[in-house]
Amino acid sequence: MSPADTLLRPTARWVLGHALPSRAMRTAGRRGDLQGQLLEHEVSASETRLQEIADAARAGGPLHRAKFVRLTASLPTVREVLGSNDFATGVFDIEQGPFARLGAWAKDTSQLGPLLPPSLLVSEPPSHTRYRKLVTRVFSVRAVEALRSRTEEIAAQLLDELPSHADAHGRVDLVEHYCALLPVTVIAEILGVPLAERERVLEFGAAAAPSLDIGLGFREFRHVERSLAEFRDWLASHLAALRDHPGDDLMSRLVAEQEDGVGLTDAELEATAGLVLAAGFETTVNLLGNGAVLLREHPDQLARLRAEPELWPNAVDEALRLDPPVLLTGRVAVRDTTVAGERVRRGEVVTTFLAGANRDPDVFADADRFDVARSNARDHVSFSSGRHYCLGAALARMEGEVGLRALVERYPDLTLAPGRCRRRTRILRGWATLPVTLGRPAGSS
């Protein structure tokens, strides 16, 4: 690649993936387009505005026609789109014209990322079927439950250390010192990362997480690409070490897993590790932060959990429903089809507004209320649906339950302090900073 291409191709990727969509959506949003408004940071940070958009989309029918896409906040319609073989992930493979040609020219097949092939997020049958079958065998519910005791140990250690991070006013940033560290430490163990290299994986995780979003500035976009390239280089040598000296970690098992004598390719192993790192890190950070705020803002529900601890798994699903880590996802029609009785043409994009569907009043009674005992809390679509249902759903639920329960049991008097702010992301939703005052730990005199 020439020196000019070294700069031009990344610039083209940024323009197509971030600058142009962001500019077009902002312009459309100022003119009243619901999809455009949905992707504005000020809107995505506001629970009230998000629900106003969801209500407006549902008022326009199950499949609202926005300027560039079809938008749905109807839970049944979201499930129909995500479960349909008439829709796929990805856009450029469908589109024709100069943008598609520019995208093909700018593509870097050596890149690693959760939204790049051969990641499970963007692969489709038949390769997706074989690929997911092998990965699911390893990342099973039973395997995740086996990690529970170790996750409890990690949470306890982090909670021990929290007071040492308090400022002069006794405040601690819960995101920086707990919500972020718990999932990425678990991920490092899943990947079989030696202790000496875990700090590096923490850095990779923090840098890779924005790859799931859109509207990044050029500098952040290039930082993400470089970080993922460094992670891929590190990963190649790490996978080789696991082949020579396998451990008890899930990644070692995945390296060895086969179907009819055929295992995952190096590219698929690298993509799976990248997906675990990027998707498993940021989304669980958001779950823990969002859940902590919901529990502190609803003391009656926290009191019920203390009286009925068997409700904790359901409480995590209710937190996922009410304040999901991911706001939306999109699909493109690969052929003319019908959704909710409406015609959708090949190449049309449908945005499934997950956060809106999670509060569909036709599915959830008193949908805006936080209720840890809600009987159908698990009916949310925060982990998507269909063949791309989140592979790490069981892991996220387990980490959410362990992390939130350990936090409120250790620090029963924890209070939210002024100054919390949302991340400046559009698709991912969580707290960038979450200052709290811990109070006395349980059992102290």
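Computed from a predicted structure; not experimentally measured. (Residues numbered from 1 in each chain as written. Predicted model: local features only at pLDDT ≥ 70, side-chain atom pairs only at ≥ 80, totals over all residues. Heavy atoms only, no water.)

(A) Spatial organisation of the side chain of Arg 422. Within the element layout of this structure, Arg 422 appears in strand E12 (residues 421-422). Judged by its relative accessible area of 13%, Arg 422 falls in the buried class. A polar contact of 3.1 Å, which involves the side chain of Arg 422, links it to the side chain of Asn 290. Here Asp 323 takes part through its side chain, which lies 2.9 Å from a polar atom of the side chain of Arg 422. Every residue in contact with Arg 422, bar those within four places of it in the chain, is listed here: His 41, Ala 45, Asn 290, Asp 323, Arg 429, Gly 430, Trp 431 and Ala 432. (Helix = DSSP H or I, 4+ residues; strand = E, 2+ residues; numbered from the N terminus. Buried < 20%, exposed > 50% of the residue type's maximum accessible area, 1.4 Å probe, protein only. Polar contact = N/O pair within 3.5 Å; in protein donor to acceptor, adjacent residues only side chain to side chain. Contact = heavy atoms within 4.5 Å.)

(B) Spotlight on helix H5 (residues 75-83). Among the residues of H5, those classed as buried are Leu 75, Thr 77, Val 78, Val 81 and Leu 82. The arc enclosing the buried residues of H5, seen along the axis, measures out at 160 degrees, which places them on a common side. Buried residues along H5 sit against strand E2 (70-72), strand E3 (87-88), strand E7 (328-333), strand E8 (337-339), strand E10 (349-353) and helix H18 (354-357). (Arc of directions from axis to C-beta.)

(C) Here's a closer look at the pairing of E7. By the bridge criterion, two bridges tie E3 to E7 in an arrangement that is antiparallel. Bridging across to E7, Ala 88 finds its partner in Val 332. (Pairing = 2+ DSSP bridges.)

(D) Local environment of the pattern of salt bridges. A complete count under the given rule lists 36 salt bridges for this structure. Where Lys 133 meets Glu 259, a salt bridge forms, and the shortest distance between an N and an O atom there is 3.2 Å. Of this pair, Lys 133 sits in helix H7 (residues 127-138) while Glu 259 sits in strand E5 (residues 258-259), and the two are 126 residues apart along the sequence. Among the residues examined, Lys 133 registers a relative accessible area of 44% and is labelled partly exposed. Residue classification places Glu 259 among the partly exposed residues on the basis of a relative accessible area of 24%. One network of salt bridges, with partners in common, ties together Arg 65, Arg 70, Glu 342 and Glu 348. (Salt bridge = Lys/Arg side-chain N within 4 Å of Asp/Glu carboxyl O.)

(E) Representation of the packing of helix H9 (residues 148-161) against helix H11 (residues 181-190) in the model. The interhelical angle for the contact between H9 and H11, taken along N-to-C directions, is 140 degrees, at an axis separation of 10 Å. Here H11 runs oblique to H9, going by the angle between their axes. The chirality of how H9 crosses H11 is right-handed. Across from Arg 150, Thr 151, Ile 154, Ala 155 and Leu 158 in H9, the residues of H11 making contact are Leu 181, Leu 182, Thr 185, Val 186 and Glu 189. Counted by class, the contact of H9 with H11 contains six nonpolar, two polar and two charged residues. (Axes fitted to C-alpha atoms, helices over the stretch in contact; angles between N-to-C directions. Parallel < 35°, antiparallel > 145°, perpendicular 65-115°, else oblique. Left-handed = near helix turned anticlockwise from the far one by under 90°. Nonpolar A, V, L, I, M, F, W, Y, C, P; charged D, E, K, R; others polar.)

Fair warning: the whole summary comes from geometry, so function is off the table for now.
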